[in-house]
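Given next are the chains, with one letter for each unit.
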Amino acid sequence: MDMTRRYHSVQLEKDRCKGCTNCLKRCPTEAIRVHGGRAHILSALCIDCGECIRVCDYHAKIAVTDPMDCVRDWKYTIALPAPSLYGQFRGLARPDFVLEALYRLGFDYVFEVARGADIVTRAIREKLKQPCLPRPLISSACPAVVRLIQVRFPELLDNVVDMRQPMEVAASVARAEFCRIKGCSPEEVGCFFITPCPAKMTAIHNPLGQEKSELNGAISMMEIYGLLLPHIHDMLHDPNYVPATRYGVGWATSNGEAQAVCPENSLSVDGIPNVIRVLEEVENNKLTDLVYLEGNACIGGCVGGPLTFENNYVAENSVRKMVKRMPDTHPDTVVPPSDLNKYPLRNDLPFEPNDAAMLDDNMTEAMRKMQRMNEILERLPGYDCGSCGSPTCAAFAEDIVRGHCTEMDCIHVMKDRLRVMAQEMVELAQTRRE
Amino acid sequence: MDALFQTTYPVESADYTSAGRASADIKRKLKQLGVGGDVLRRVAVASYEVELNLVIHSLGGELSLSVYPDTVQLVSSDRGPGIPDLEMAMREGYSTANDEARSLGFGAGMGLPNMKRNADDFEIASTVGVGTTITMGFRLN
């Protein structure tokens, strides 16, 4: 599989990059190198988590999403707001105020992704009744976490739930509903996700577990926030509004999904380094007593996405307060069993391992490279300073055997070499004519 | 046949802070060599269990990884104390882990049975007062 030129929402703004080591050191999959005074993203390793966007002081890392204008390319457009959007507005009493505001921005139909989450919740709960499931079952809701597993924990892919993401399910339902009401054909309708993160944007253009996404694009929460704000406190709302449950809305924050799907025996973890630590436990067979694992790349869950406006802790609190006012109905009682067969819920493709970590296609050659890597590593100082442009000395040794750089790119190795050369010059200068 | 790649990790007794590092590195290396799927999963479990056994039960020792064209081999050898009753030690649920290990969640008595279950070939030899050697082979398909 050619993974070198896949689509990524996370991009580098070349002119703004200073070539510092902030993103280099913080990328959880070591997917960044700094060469020629600027950062480069290794496409095969990038999981679009957006960590580099957060840590770049020069705003050189950006998430490419669809501009608001793209809705003009369609005869009809549907907005699908992620539940994390509700957390952006302090004191928001009900989700439908936000939905109404989206109508005012010109969308023809608005459908809560939280309703998709309700359906997915119900479907996963049905799946959990099956015997002999791998333990723990790992959520597939956060695309950055799924890609992290593909690249760093490929042997855990069988544990990942083979279920579509709530946004995909919501788009299927919304498009079908709208076409029925309007009597139009599905091709005339553009579905746009209001996204808190670049990972979801990437999942639309380069889908996980399905050939083609049900969505046509994603609009950044950051971009739409300012446009929505003036409309948000109008008390007008749609009398035909079918609300999502508090559980579906709860998917906006960390632990929301786990509480909806398997409150009896689940674990929820947020922040990529924390997710990695828990996945290592799973890998070591230490969590076989656990039924369900929810992992979120962002601290606080989706409300902490790199494209959100509000502080993630404040947003989490806003969602929690709003959810408390909602009736305590569970998706089990709201989602009819017939819905589980009506729309595509299961993935059509398996999650494939990402073999970008492999040193060579040929194992004998890979071993030769590894041997050389170890020899090089012993000669390196072990400072992991990043001055060479690789995140650690080990990654640098790997980059050398892959042919991307040479040992002299390490300033410490070079200084030692210069010292030897200087010494030789002194000795040379002191040599007398016999 | 000579191993195409070989590396050894020293493992200290009761060193819980670095416990798991050797097995984490073994996993990383195998992924780089292109070992994946079921074999990687089984090596991951067995290498962690055997490393933890060295930390919890031994007086210190080493864990070595050898990769052959058709097999991954893990060998753990320690400097004692040795296992008096191997048959008993191989039973599920039997453990001699001390309170410190148990307080950290270990000592379920599944270590050796788990290794045996996950390896394609499993050999254990032990002499009280000398040490224990565990050899595990995982066939590459």
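(A) Molecular detail of the overall build of chain B. Assigned secondary structure in chain B consists of five helices and five strands. Counting helices and strands in the order they occur from the N terminus, chain B gives β-α-α-β-β-α-α-α-β-β. By the compact-globule yardstick of 14 Å for 141 residues, chain B fits well, its C-alpha radius of gyration being 14 Å. Per-residue burial for chain B yields a buried fraction of 50% across its 141 residues.

(B) Here's a closer look at the packing of aromatic side chains. Residue and element names in this part refer to chain A. This model, assessed by the stated rule, comprises four aromatic pairs over all chains. With centroids separated by 5.4 Å and ring planes inclined at 20°, the aromatic side chains of F89 and Y225 adopt a geometry described as stacked. Taken together, the positions of F89 in the loop between strand 5 (76-81) and helix 3 (95-104) and Y225 in helix 8 (residues 221-228) put the pair 136 residues apart, joining distant regions of the chain. By relative accessible area, which is 14% here, Y225 ends up buried. The interplanar angle of 20° and the centroid separation of 4.3 Å between the aromatic rings of Y225 and F309 together place this pair among those described as stacked.

(C) Local environment of the interface of chain A and chain B. Tallying the contact residues gives 23 residues for chain A and 19 residues for chain B. Summing the contributions of chain A and of chain B, the shared interface buries around 2000 Å²; its carbon and sulfur component is 59%. Across the contact surface, chain A and chain B share two salt bridges. Applying the counting criterion to the chain A and chain B interface returns eight residue pairs in polar contact (both at pLDDT 80 or more). Of the residues contributing to the side of chain A that touches chain B, the split by class is 11 nonpolar, six polar and six charged.

Thresholds, definitions, all that
Residues numbered from 1 in each chain as written. Chains lettered and ligands numbered in written order. Predicted model: local features only at pLDDT ≥ 70, side-chain atom pairs only at ≥ 80, totals over all residues. Heavy atoms only, no water. Helix = DSSP H or I, 4+ residues; strand = E, 2+ residues; numbered from the N terminus. Rg over C-alpha atoms; globule rule 2.2 N^0.38 Å. Buried < 20%, exposed > 50% of the residue type's maximum accessible area, 1.4 Å probe, protein only. Phe/Tyr/Trp six-rings, centres within 6.5 Å; stacked < 30°, edge-to-face > 60°. Contact = heavy atoms within 4.5 Å. Buried area = accessible area lost by both parts, 1.4 Å probe. Salt bridge = Lys/Arg side-chain N within 4 Å of Asp/Glu carboxyl O. Polar contact = N/O pair within 3.5 Å; in protein donor to acceptor, adjacent residues only side chain to side chain. Nonpolar A, V, L, I, M, F, W, Y, C, P; charged D, E, K, R; others polar.

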